[in-house]
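Chain residues, written in single-letter form:
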Amino acid sequence: MTEVASRVVAASGAFKPVADFYFRSRYADRRFAEGIADFTFGNPHEMPLAGLVTSLRERAVPGDQNWFAYKTSEEEPAAFVAERLSAELGLAFETEDIALTPGAFVALSVAMRLVLEPGDEAIFSEPAWFCYEPMLELAGAVAKKVILTAGSFDLDLAAIEAAITPKTRMVIVNTPHNPTGRIYDADSLGALAGLLERASARNNRRIFLVSDEPYRRLRFEGRDFVSPAAIYPWTMISYSYGKVLLAPGQRLGYLAVSPLMPRADREALRDACFPTQMALGWTFPNALMQYAIPDLEGLSIDIAALTRRRDTLMATLSEAGYEVLAPEGTFYLFSRWPSGGANDPWNALADRDVFVMPGSILNAPDYFRISLTASDAMVEKSLPAFREVAQSG
Ligand SMILES: Cc1ncc(COP(=O)(O)O)c(C=O)c1O
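Residues numbered from 1 in each chain as written. Predicted model: local features only at pLDDT ≥ 70, side-chain atom pairs only at ≥ 80, totals over all residues. Heavy atoms only, no water.

Each helix and strand in the chain was counted, giving 13 helices and twelve strands. Taking 393 residues into account, the globule formula puts the C-alpha radius of gyration at 21 Å, and the chain, at 21 Å, falls close to it. In terms of principal-axis extent, the alpha carbons of the chain reach across some 60 × 55 × 50 Å. Expressed as a percentage of its 393 residues, the buried residues of the chain come to 56%. Within the chain, counting contacts between residues at least 6 apart in sequence, those at least 24 apart form 74% of the total. For the chain, the computed accessible surface area is about 16,400 Å², with 53% contributed by carbon and sulfur atoms. In the chain, 37 side chains carry a positive charge and 49 a negative one; their mean positions are 2 Å apart. (Helix = DSSP H or I, 4+ residues; strand = E, 2+ residues; numbered from the N terminus. Rg over C-alpha atoms; globule rule 2.2 N^0.38 Å. Buried < 20%, exposed > 50% of the residue type's maximum accessible area, 1.4 Å probe, protein only. Contact = heavy atoms within 4.5 Å. Areas by Shrake-Rupley, 256 points an atom, 1.4 Å probe, with all protein chains shown as cover. Lys, Arg positive; Asp, Glu negative; His and termini not counted. Charge placed at Lys NZ, Arg CZ, Asp CG, Glu CD.)

This is the structure in structure tokens:
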């Protein structure tokens, strides 16, 4: 028995493998040690973007007495985001379609609270970002997990279709995808839209799609990106500036309702954003981040540097016998452990002060994830370690 609410117990249980890794592991003990190569989480290992620092400095100086007054999703920055997002995705967003949030986390949480009744089911595909499930648990919903297609990590549409029940209310698609770096193309998204349309008709209840796109601007070789919001009208986008700026501690993002959504539904959702964000605990970005949006919009971490690290690591890993998937976007590299290498390769790497995210906490125990936000020095240091671990079987 515990005094803690059962939803919290469930959320905590779903997050336990990650919490254990983050707080109580060899990695937790060593994370700030000098000289380690840290490829675990998408955290910065170099100084922040100069443009971000300048903007925050300048925007911290109050322009009037309301500078730090309560902020909602303020009209001026929301209008700015609507205009830029319209140009980026080729869709006509209105200011009211944008609910500014402290990152994609809150955007997802708002989306869940907007449409999920207790006991409703939300489908997502694994391996997946590890917070969907605890967030659904806390919202009183049920996580229904399906597996991405083996090897390619494409959406398995037949598996999604088979997981749909009369209780299905939401499907979450993450593109570009953490951890695999896959970007789903218009054909597979179109097929998904078709099946969601048919299932919604069969259920006589709309299934919403949440397109979780925090890595949308981080794409290799300038690859195309199509948002599900341009394909399935009942889509809400969750976005974060935390990835493209590599500053996830400065919380900023939004939930955007697809302009293709029929007017009545679109207005119902966007009108419900304010009370949802208020009741979730005034979950609006802080004043400073809202003022900074126009300065931040054009900034990005160095994609050429990510590409260089990706290529260096991929070359070494492939040569050493790892099966590496070439990421199309995100700042991650997803790889299978080499067969015939060390029988506990995560610890064998950790013995060499190289820390990666074990696939076991992503429900993909044969794999591991490398965050390319590590420094070039960390990449250099890791190369012999990766080779040795592949050869030490
Ligand atoms: C797929 C995915 N969605 C959402 C988030 C949350 O992003 P933020 O912390 O910037 O809100 C993350 C962060 O790792 C993520 O990987």
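We now examine the site of the ligand. For the ligand, the set of nearby residues contains 13 residues, the closest of which are Asp-212, Tyr-215, Ser-240, Lys-243 and Arg-251. Between the ligand and Phe-105, the relevant distance is 3.0 Å, taken from an oxygen atom to a main-chain nitrogen or oxygen of the residue. One of the side-chain nitrogen or oxygen atoms of Asp-212 is found 2.5 Å away from a nitrogen atom of the ligand. Residue composition of the shell around the ligand, grouped by class: six nonpolar, four polar and three charged. (Near = heavy atom within 4 Å. Polar contact = N/O pair within 3.5 Å; in protein donor to acceptor, adjacent residues only side chain to side chain. Nonpolar A, V, L, I, M, F, W, Y, C, P; charged D, E, K, R; others polar.)

A few words now on unusual backbone geometry. Each neighbour pair has its own omega, and for Glu-126 with Pro-127 the value is 0°, a cis peptide bond. Cis peptide bonds are those with omega within 30 degrees of zero, and the linkage from Thr-175 to Pro-176 qualifies with -15°. Note on placement: Pro-176 falls in the loop between β5 (168-174) and α8 (186-203). Within the chain, Asn-204 stands out as a residue other than glycine whose phi angle is a positive 55°. Along the chain, Asn-204 turns up in the loop between α8 and β6 (208-212). In this model, Asn-363 sits at a positive phi of 60°, which is unusual for a non-glycine residue. Checked against the element boundaries, Asn-363 lands in the loop between β11 (354-358) and β12 (367-371).

Along the chain, Asp-295 falls in helix α10 (residues 287-296). On the accessibility criterion, Asp-295 (27% relative accessible area) is partly exposed. The spacing of Asp-295 and Leu-383 is 88 residues in sequence and 37 Å in space, taken between C-alpha atoms.

So, on to the domain arrangement of the chain. Partitioning the chain into structural domains gives domain 1 (6-49 + 301-391) and domain 2 (67-296). Spacing between the C-alpha centres of domain 1 and domain 2 amounts to 26 Å. For the pair domain 1 and domain 2, the two sides together bury roughly 3,100 Å², of which 67% comes from carbon and sulfur. Sorting the residues of domain 1 by area buried against domain 2 places Arg-7, Glu-328 and Thr-330 first, and these three jointly supply 24% of that buried surface. For the interface between domain 1 and domain 2, the tally reads three salt bridges. Our count for the domain 1 to domain 2 interface comes out at eleven residue pairs in polar contact (both at pLDDT 80 or more). Among the secondary structure elements, those contributing two or more residues to the side of domain 1 that touches domain 2 are α1 (6-23), α11 (303-320), β10 (332-336) and β12. Ranked by residue count, the leading element in the side of domain 1 that touches domain 2 is α1, at seven residues. For the side of domain 1 that touches domain 2, the class distribution of residues is 22 nonpolar, seven polar and four charged. (Domains from an automatic or database assignment. Buried area = accessible area lost by both parts, 1.4 Å probe. Salt bridge = Lys/Arg side-chain N within 4 Å of Asp/Glu carboxyl O.)

For helix α3 (residues 50-59), the set of buried residues is Leu-52, Ser-55 and Leu-56. When α3 is viewed along its axis, its buried side chains cluster within an angular range of 95° and face the same direction. Exposed and oriented more than 90 degrees from the buried face of α3 are Ala-50, Arg-57 and Glu-58. For α3, the elements touching its buried residues are α10. (Arc of directions from axis to C-beta.)

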